[in-house]
Amino acid sequence: MHTHSKVALLTAALLAVSSTLALAADKKVAFVPQIIGIPYFDAMKAGGEEAAAKFGLDFIYQGPVDTNPVDQMQIVQNLIDQGVNAVAVSVLDASSIAPVVEAAKAKHVTLFTSDSDAPKSGRALYVAQATDEGLGNAIIDEMVRRVGEYAKIGIVSGEATASNLNAWIGFMQARAKAKYPKLKLLEPQYAGGTAQRAAQIATDLMTANPDLKGLIGVASTTCPGVGQAIETAGKIGKVIGTGYCSPNTARAYLKSGSFGYSVLWDPKELGYLTVWAGEQLIDGKEIPATTTPEGMNHPVTYDAQTGVLLLGEPAVFTAQNVDNYKF
Amino acid sequence: MRAFLQRFCEREALLALGCIVSGLVFSIRSPYFATPDNLLTIARNSTELLLIGLGMTLLLGIGGIDVSVGSVLGLAAIGIGRLLEAGITPALAALAGPVAGLALGGVTASVVIFGRIPAIVATLGLLGVYRAGIFLALGGSWLSGLPVGLTNLLAVRFFGLPVSVLVIALAYGAVFVAVRFTPFGAHLLAIGNSEAKARLAGIGVRRTQVAAFVISGALCGLAASFYVATYGNVEMTIGATLALEAVAAVVLGGTAVTGGRISLLGTAFGVILLRLLQNGLLLAGVPSLWQPVVTGLLLLLVLGAEALSGRLPLGRLRPSALGVARRAGLR
Amino acid sequence: MTPRVSPILAILGLMWVVVVAGLAVLKPGALALSTVTAVLQFSTILALVALGQALVIVCGGAGIDISVGGMVSLAVVLAMLLVKAGLPGALLPVLCLALGLALGLVNGFLVTRLRLLPLIATLGTFYVYSGTAVALTGGAAQAGVPDFLLPWGRGAVGGLPLPFLTLALPLFVAAGVLLHATSWGRWIYGMGFNERSARLVGIPVDRVRLAAYGASGALAGCAALVSLAWLGGGRPNIGQNLELTSLTAAMLGGIGIFGGRGGVFGVLAAVLLLVTLQTGLLQLNVNTVWQVGIVGTILVIVLLVDNLALVRRTS
């Protein structure tokens with residue numbers, strides 16, 4: 001009997017402690033990437049954790065293992081059910097959050113997007129790394145600077161179903177049509193999520209078009225594939241590779257010359273800004289048109305009409321400056 | 001026996017013809033198809049699938065299957081990558097691939113054979129376990145920017161041919177010899193034909209089954225060495241599509257899924273045809289998104305045509321209780 | 001011929017208790033009505049597809065349907081494209097069902113008429129269906145689901161989501177009645193258990209099998225409808241991975257891979273267990289990759305235990 005009551009007491013204490021922990025007043029911000037296990041989102045996670053530590057919040061990072069929007073939505077739903085105060089999602093597609101927006105509002109959970117947007121879904125705001133248009137333009141402009149206006153350029157994207165990637169491609173095509181009418185931009189080809197397929201497709205594109213001057217890898221997973229393909233084909237210098245690649249991934253290819261440059265923003269900063277935005281939303285604070293969040297070294301802009309919180313301009317990395325960046 | 005061989009050669013000849021015809025069509029559509037560089041590209045793209053397909057041929061021959069081969073390749077690739085990062089000589093790191101694959105093949109074998117779980121279901125479960133293993137081993141990130149030592153090893157040429165061609169030829173040759181001239185081969189086919197009868201005949205069924213899985217694992221590990229050398233990047237989704245592609249290629253090649261009949265040459269042609277189509281379609285301007293559709297249609301057309309022309313032994317395919325047992329797994 | 005109640009159901013029940021108890025201890029806040037609603041909502045698509053998979057497998061003949069995911073994706077895409085091309089939006093449910101049925105019948109034809117092995121036939125159609133869905137749309141999601149569907153797709157009554165209540169549950173009950181209380185059910189179990197004898201006795205094996213594949217397709221069409229009504233848009237890769245998860249659910253649910261064994265309620269229980277497990281792990285903030293590994297391990301263990309029970313029974 002003695003041990004029984006001890007066990008009962010212990011269990012009761014455990015339950016009490018765990019329920020108090022559950023009721024703890026720490027504000028919680030979560031971020032749901034498109035897929036886990038990618039350095040890009042890992043960098044966002046690191047930034048988010050830094051901000052959470054600084055502002056005294058709980059940061060939760062959870063993502064699907066494949067690019068299925070239903071899996072992503074399940075995670076978002078669970079976070080809402082858990083009572084997380086603010087949930088940021090890098091949406092695979094608007095349908096990743098559309099069905100749960102109402103449920104979120106009912107539970108006083110703020111739903112907002114980061115890194116990839118669902119504009120008409122009713123999300124609170126969108127933390128943008130750079131405007132989609134800015135990103136599309138930057139990569140085309142830099143390419144034309146290097147290969148000229150009459151060149152043929154290929155595009156290797158990741159998943160055909162990723163809305164943010166398709167948005168960037170759309171702006172690339174629009175920019176080429178508007179500003180460089182003599183530029184020949186090939187139809188995008190989709191490599192899925194592996195470096196192998198990206199390399200395979202990049203190689204085939206170069207074979208099919210021996211006059212190809214540039215290759216753009218749109219998803220971060222295509223970067224190693226494109227770079228590798230250029231190296232293996234011995235076309236360093238003849239074909240300029242590029243993509244939205246992190247400096248760490250692109251470094252080897254920038255140094256070897258297969259990549260001429262890379263366009264990106266700092267995902268760590270984006271993660272940091274996301275958590276900061278989450279806190280503003282939880283506290284109900286108005287975000288001014290221009291502000292410098294605590295802990296960041298440059299201002300960010302906010303457009304209240306479209307709900308877009310902009311990190312800044314895209315950065316261009318080259319072999320010269322890539323060593324200054326460690327992500 | 002002669003008719004048996006004849007039926008074999010028909011499928012392989014069909015595939016070879018398919019390769020040639022597609023090649024011709026693509027050369028017309030694109031002047032860059034028939035260049036030595038492009039043909040070499042096709043060969044290089046086929047490397048991993050050729051090796052994995054070889055292992056899958058043995059497994060199908062025995063009446064089994066393994067849907068986790070892509071993840072086995074992934075785990076082996078991570079092992080190789082980590083060794084390279086740690087500074088081990090590339091040649092040794094490359095050897096670690098088949099060794100790791102062998103070990104994993106052993107694990108798969110134990111679950112399937114000693115657990116007596118049908119292969120398709122057991123390997124389905126293991127697929128999940130291995131994928132989680134890949135994530136753990138990668139530490140949630142990628143392996144990229146690996147030292148180029150292994151890549152340079154791959155660039156070595158013997159008599160003008162890349163080292164991969166020789167390794168693959170050796171692998172196929174070794175398996176061919178084993179299947180044709182050793183008891184292992186005879187046992188394998190007998191078990192695939194009818195496990196119960198093989199057991200009654202005194203064949204060491206378990207031994208042969210384990211051997212098949214282990215060999216397949218080792219071949220996946222070997223493919224991993226080539227993968228790391230060629231692409232230099234190991235990400236979480238590595239090998240996701242390989243298992244089903246391998247099954248498709250092997251079946252295209254004439255190996256019976258029911259077991260008891262294999263064709264190594266057919267597998268090789270099947271793989272090459274698949275990769276050739278993928279390459280040629282892109283060169284011909286067909287968007288890459290249609291490639292899986294072509295794979296599926298090819299599979300259905302070839303097997304459907306054979307079925308319609310009445311060449312398949314329909315009596316064999318009509319499932320009996322025992323036939324169902326060996327087809328879906330190992331019991 | 002009555003189907004054996006396998007020990008798998010007992011194991012499932014035990015796991016269920018373990019999962020719920022675990023949640024109760026580690027995260028009492030999770031045991032709320034909203035969690036139940038969420039679990040049921042996320043189970044619906046998988047449940048429908050797993051039911052189709054189960055029917056195909058139970059019919060025997062090495063039956064399997066690897067193309068289920070592809071059927072869902074293609075049904076979604078074609079239905080949306082047809083509506084965009086001018087067909088009235090009110091027809092969407094009918095379209096989904098009809099398209100699914102057609103795709104399933106193609107599988108059935110390949111298996112019963114051309115005598116292709118189901119593994120191969122559905123592998124081929126898997127590539128064709130899923131590839132066509134993505135290629136036709138270029139990967140773009142199809143917006144424009146008619147408004148009348150959304151309240152059904154996202155609504156709930158008493159905590160039970162409407163699609164689950166009005167579509168999945170009735171279909172499971174119907175399938176259960178079919179299998180256990182009609183002569184068709186006896187035929188199906190007979191075919192699965194010993195096809196040769198079934199043919200000798202006069203059971204129209206081919207016709208039943210064709211119907212099973214057609215049913216699998218129709219159920220995939222239902223799943224397509226649910227996804228459209230729920231998500232409000234058509235994703236061309238919505239069926240991704242469904243072939244593996246539906247197979248896992250069917251196996252966990254007690255369906256013997258050789259056919260002739262198992263019941264549909266086991267499948268439903270397995271689906272609910274899988275989704276509850278997923279939800280529980282997410283609530284506990286366990287990394288999602290562990291889910292994949294845990295489900296795989298559970299599959300292996302459940303089958304091992306089932307085997308041991310089998311050996312014990314027959315020895």
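This is a predicted model, so every value here is computed, not measured. (Residues numbered from 1 in each chain as written. Chains lettered and ligands numbered in written order. Predicted model: local features only at pLDDT ≥ 70, side-chain atom pairs only at ≥ 80, totals over all residues.)

Caption draft 1: Structural detail: the overall build of chain C. Check the secondary structure of chain C and you find 13 helices and 4 strands. Taken over the C-alpha trace, chain C has a radius of gyration of 19 Å; the compact-globule value for 315 residues is 20 Å, and the two agree within 12%. Its C-alpha atoms put chain C at 60 × 55 × 30 Å along the principal axes. The buried share of chain C, reckoned over its 315 residues, is 63%. Across chain C, contacts joining residues at least 24 apart in sequence account for 81% of those joining residues at least 6 apart. (Helix = DSSP H or I, 4+ residues; strand = E, 2+ residues; numbered from the N terminus. Rg over C-alpha atoms; globule rule 2.2 N^0.38 Å. Buried ≥ 20, exposed ≤ 12 C-beta atoms within 10 Å, placed from the backbone. Contact = placed C-beta atoms within 7 Å.)

Caption draft 2: Main features of the overall build of chain A. The secondary structure content of chain A amounts to 10 helices and 15 strands. Its C-alpha radius of gyration of 22 Å places chain A within 12% of the 20 Å reference for a compact globule of 327 residues. Along the longest, intermediate and shortest principal axes, the C-alpha atoms of chain A span 85 × 45 × 35 Å. Sorting the 327 residues of chain A into buried and exposed places 61% on the buried side. In chain A, of all internal contacts separated by at least 6 residues, the share reaching a separation of at least 24 is 72%.

Caption draft 3: Looking closely at the interface of chain A and chain C. Chain A puts 30 residues into the contact, and the matching count from chain C is 32 residues. Contributions of two or more residues to the side of chain A that touches chain C are made by α1 (2-22) and α3 (69-82) of chain A. Considering each element in turn, the side of chain A that touches chain C owes the most residues, 8 residues, to α3 of chain A. Here the side of chain A that touches chain C is composed, by residue class, of 14 nonpolar, 12 polar and 4 charged. (Nonpolar A, V, L, I, M, F, W, Y, C, P; charged D, E, K, R; others polar.)

Caption draft 4: Geometry of the packing of helix α3 (residues 69-85) of chain B against helix α4 (residues 90-114) of chain B. All names here are of chain B. Axis separation between α3 and α4 bottoms out at 8 Å; the angle between their running directions is 150°. With respect to their mutual orientation, α3 and α4 come out roughly antiparallel. Regarding α3 and α4, the two cross each other, and that crossing is right-handed. Note on element contacts: α4 touches α3 through P90, A93, A94, A96, G97, A100, G101 and L104, opposite V72, L75, A76, G79, I80, L83 and L84. Among the residues making up the contact of α3 with α4, the classes are represented as 12 nonpolar, 3 polar and no charged. (Axes fitted to C-alpha atoms, helices over the stretch in contact; angles between N-to-C directions. Parallel < 35°, antiparallel > 145°, perpendicular 65-115°, else oblique. Left-handed = near helix turned anticlockwise from the far one by under 90°.)

Caption draft 5: Examining the sheet that holds strand β13 (residues 300-303) of chain A more closely. Residues and elements named next belong to chain A. Here 8 strands make up an open sheet; going across it, the order is β2-β1-β3-β4-β5-β14-β13-β12 and the pairing mixed. Each edge of the open sheet is held by one strand with a lone partner, namely β2 (58-61) and β12 (290-291). Sitting on the sheet, helix α2 (residues 39-55) touches β1 (28-32) and β2, and the angle it makes with β2 is about 165°. The strands touched by helix α10 (residues 267-283) within the sheet are β1, β2, β3 (86-89), β4 (110-114), β5 (126-128), β13 and β14 (308-310), with β4 carrying the most contacts at an inclination of about 155°. (Pairing = 2+ DSSP bridges.)

Caption draft 6: Here's a closer look at the domain arrangement of chain A. All names here are of chain A. Assigned domains within chain A: domain 1 (26-130 + 268-311) and domain 2 (132-264). Each of domain 1 and domain 2 has a C-alpha centre, and the two are 28 Å apart. On the domain 2 side, the residues contacting the 9 residues of domain 1 number 12 residues. Grouping the amino acids of the side of domain 1 that touches domain 2 by side-chain chemistry returns 6 nonpolar, 2 polar and 1 charged. (Domains from an automatic or database assignment.)

Caption draft 7: Structural detail: unusual backbone geometry. In the Ramachandran plot, D115 of chain A falls in the positive-phi region, its phi being about 75° despite a non-glycine side chain. Looking at the element boundaries, D115 of chain A is found in the loop between β4 and β5. By the C-beta count within 10 Å, which is 25 here, D115 of chain A ends up buried. Unusually for a residue other than glycine, A62 of chain C sits at a positive phi of about 55°. Structurally, A62 of chain C is set in the loop between α2 (33-58) and α3 (68-84). Using a count of 25 C-beta atoms within 10 Å as the deciding quantity, one classes A62 of chain C as buried.

Caption draft 8: The arrangement of the interface of chain C and chain B in detail. Contacts between chain C and chain B engage 44 residues on the former and 46 residues on the latter. Those elements that provide at least two residues to the side of chain C that touches chain B are α5 (118-137), α9 (195-201), α11 (242-252) and α13 (288-314) of chain C. When residues in the side of chain C that touches chain B are grouped by element, the largest group, 13 residues, is from α5 of chain C. The residue makeup of the side of chain C that touches chain B, split by class, is 26 nonpolar, 15 polar and 3 charged.

Caption draft 9: Structural view of the nonpolar core. In this structure, V87 of chain A, L73 of chain B together with A75 of chain C are the most contacted members of the largest nonpolar core, which totals 338 residues. A total of 18 residues in this core trace back to one element, the largest contributor, which is helix α10 (residues 205-231) of chain C. A domain-level breakdown of this core finds at least three residues from each of domain 1 (26-130 + 268-311) and domain 2 (132-264) of chain A. With near-sequence residues (within four places) excluded, V87 of chain A lies in contact with A30, V32, V76, L79, I80, V109 and L111 of chain A. (Core = buried A, V, L, I, M, F, W, Y, C linked by C-beta atoms within 7 Å.)

Caption draft 10: Region of interest: the pairing of β1 of chain A. All names here are of chain A. Within β1, 5 of the 5 residues are buried, which leaves the element mostly enclosed by the surrounding structure. Summarising the sheet, β1 and β2 pair through 4 bridges and their orientation is parallel. Across the sheet, the residue bridging to F31 is Y61, located in β2. Traced from β1 through α2 to β2, the parallel crossover comes out right-handed. (Right-handed = clockwise from strand over helix to strand, strands pointing away.)

Caption draft 11: Up close: the environment of G18 of chain B. Its location among the elements puts G18 of chain B in helix α1 (residues 2-29). Taking the number of C-beta atoms within 10 Å as the measure of exposure, G18 of chain B has 20 and is therefore buried.

Caption draft 12: Focus on the environment of L99 of chain C. Residue and element names in this part refer to chain C. Relative to the elements of secondary structure, L99 occurs in helix α4 (residues 92-112). Residues L99 and A75, spaced 24 residues apart in sequence, show a C-alpha to C-alpha distance of 5.7 Å. If we skip the residues at most four places from it in the chain, L99 touches A75, L78, A79 and G221.

Caption draft 13: Main features of helix α8 (residues 183-193) of chain B. Those residues of α8 of chain B that fall on the buried side of the exposure criterion are H187, L188, A190, I191 and G192 of chain B. Packed against the buried residues of α8 of chain B are α2 (36-61), α7 (163-181), α9 (195-200) and α10 (205-231) of chain B.

Caption draft 14: View of the confidence of the model for chain A. Predicted confidence across chain A gives a mean pLDDT of 87, with 92% of residues reaching 70 or more. For residues 15-23 of chain A, every residue scores under 50 in pLDDT, and the model assigns this stretch 6 contacts once sequence neighbours within four places are set aside. (pLDDT = per-residue confidence, 0-100.)

Caption draft 15: Main features of the confidence of the model for chain C. Residues and elements named next belong to chain C. On average, chain C scores 89 in pLDDT, and the residues at 70 or more come to 97%. Mean pLDDT per element in chain C: α13 is the minimum at 82, and α4 is the maximum at 96. On the interface metric, ipTM, the complex scores 0.87, and its pTM is 0.87.

Caption draft 16: Inspection of the pairing of strand β9 (residues 212-217) of chain A at higher detail. Residue and element names in this part refer to chain A. β9 sits mainly inside the fold: 6 of its 6 residues count as buried. When β9 meets strand β10 (residues 240-243), the two strands line up parallel, connected through 4 bridges. In the strand pairing of β10, L215 is matched with G241.

Caption draft 17: Quick peek at the packing of α3 of chain C against α4 of chain C. Residues and elements named next belong to chain C. Running from N to C, α3 and α4 point in directions that differ by 135°, and their axes come no closer than 9 Å. Relative to α4, the element α3 lies oblique. Judged by the twist between their axes, the crossing of α3 over α4 is right-handed. Residues M71, L74, A75, L78, A79, L82 and V83 of α3 pack against L92, L95, C96, L99, G100, L103 and G104 of α4. The residue inventory of the contact of α3 with α4, partitioned by class, reads 12 nonpolar, 2 polar and no charged.

Caption draft 18: Structural detail: α3 of chain C. The terminal C-alpha atoms of α3 of chain C lie 24 Å apart, and with 17 residues this matches the ideal 24 Å at 1.5 Å per residue to within 8%. Remark: G86 of chain C follows α3 of chain C within two positions and exhibits a positive phi of approximately 130°. (Expected span 1.5 Å × (residues − 1).)

Caption draft 19: Region of interest: the environment of D66 of chain B. Residues and elements named next belong to chain B. Of note, D66 is situated in the loop between α2 and α3. Between the alpha carbons of D66 and G217 there is a distance of 9.7 Å; along the sequence they are 151 residues apart. Residues within four places of D66 in sequence aside, it is in contact with M56, L59, T108, A119, T123 and S216.

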